[in-house]
Amino acid sequence: MVAVMTVLESFLSFAEHLPADRRQSVEAILTALMATYSEHHGFSADELDMLDRRAVDPDPRFTDSDVIDRLFGKPFSA
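Residues numbered from 1 in each chain as written. Predicted model: local features only at pLDDT ≥ 70, side-chain atom pairs only at ≥ 80, totals over all residues. Heavy atoms only, no water.

(A) Structural view of the overall build of the protein chain. Across its full length, the protein chain carries 4 helices and 0 strands. Listing each helix as α and each strand as β along the protein chain from the N terminus yields α-α-α-α. For 78 residues, the compact-globule estimate of 2.2 N^0.38 gives 12 Å, and the protein chain exceeds it by more than 25% at 23 Å. Its C-alpha atoms put the protein chain at 65 × 30 × 25 Å along the principal axes. (Helix = DSSP H or I, 4+ residues; strand = E, 2+ residues; numbered from the N terminus. Rg over C-alpha atoms; globule rule 2.2 N^0.38 Å.)

(B) Seen up close, helix H4 (residues 65-72). Counting buried residues along H4, only 0 of its 8 residues qualify, which leaves the element largely exposed. Where H4 terminates, the next one or two residues include glycine 73, which has phi positive at roughly 85°. (Buried < 20%, exposed > 50% of the residue type's maximum accessible area, 1.4 Å probe, protein only.)

(C) Just the pattern of salt bridges, in detail. Counted by the stated rule, this structure contains 2 salt bridges. Of the charged contacts, one joins arginine 23 and glutamate 27 as a salt bridge, the two residues approaching to 3.9 Å between their closest N and O atoms. Residue arginine 23 and its partner glutamate 27 are located together in helix H2 (residues 20-36), separated by 4 residues, close to a single helical turn. Given a relative accessible area of 26%, arginine 23 falls into the partly exposed group. Owing to a relative accessible area of 43%, glutamate 27 belongs among the partly exposed residues under this scheme. One salt bridge in this structure joins arginine 70 and aspartate 66, with 3.4 Å as the shortest N-O distance. Of this pair, arginine 70 and aspartate 66 both sit in helix H4, 4 residues apart, which is roughly one turn of the helix. (Salt bridge = Lys/Arg side-chain N within 4 Å of Asp/Glu carboxyl O.)

(D) Layout of a negative patch on the surface. A cluster of acidic residues, Asp46, Glu47, Asp49 and Asp52, forms a negative patch on the protein surface. Along the chain, aspartate 46 turns up in helix H3 (residues 45-56). You can call aspartate 46 exposed: its relative accessible area is 61%. (Patch = residues over 30% accessible without salt bridge, like charges linked within 9 Å, V, L, I, M, F, W, Y side chains within 5 Å. Areas by Shrake-Rupley, 256 points an atom, 1.4 Å probe, with all protein chains shown as cover. Lys, Arg positive; Asp, Glu negative; His and termini not counted. Charge placed at Lys NZ, Arg CZ, Asp CG, Glu CD.)

(E) Quick peek at a nonpolar patch on the surface. Side chains of Phe11, Leu12, Phe14, Leu30, Leu33, Met34 and Tyr37 sit close together on the surface and give an oily, nonpolar patch of about 730 Å² of accessible area. Of all the secondary-structure elements, those providing two or more residues to the nonpolar patch are helix H1 (7-16) and H2. Relative to the assigned elements, leucine 12 resides in helix H1.

As structure tokens, this is what we get:
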């Protein structure tokens, strides 16, 4: 019977055989990726409530149009 490696097992095997300097960059990328899955990067309960309210608002306003115009400029005329 032939054992089939999972994607994670294959990745670990690949990373373990890299030279130390190249493995460090792979480890840094993996560390950053794992950090994005932590609760620290999630929304708070208040932020989730606000997003829920804004998602159902038929006419959402996040800021005044003059603020948007100052940030992005006036739209091109047709």
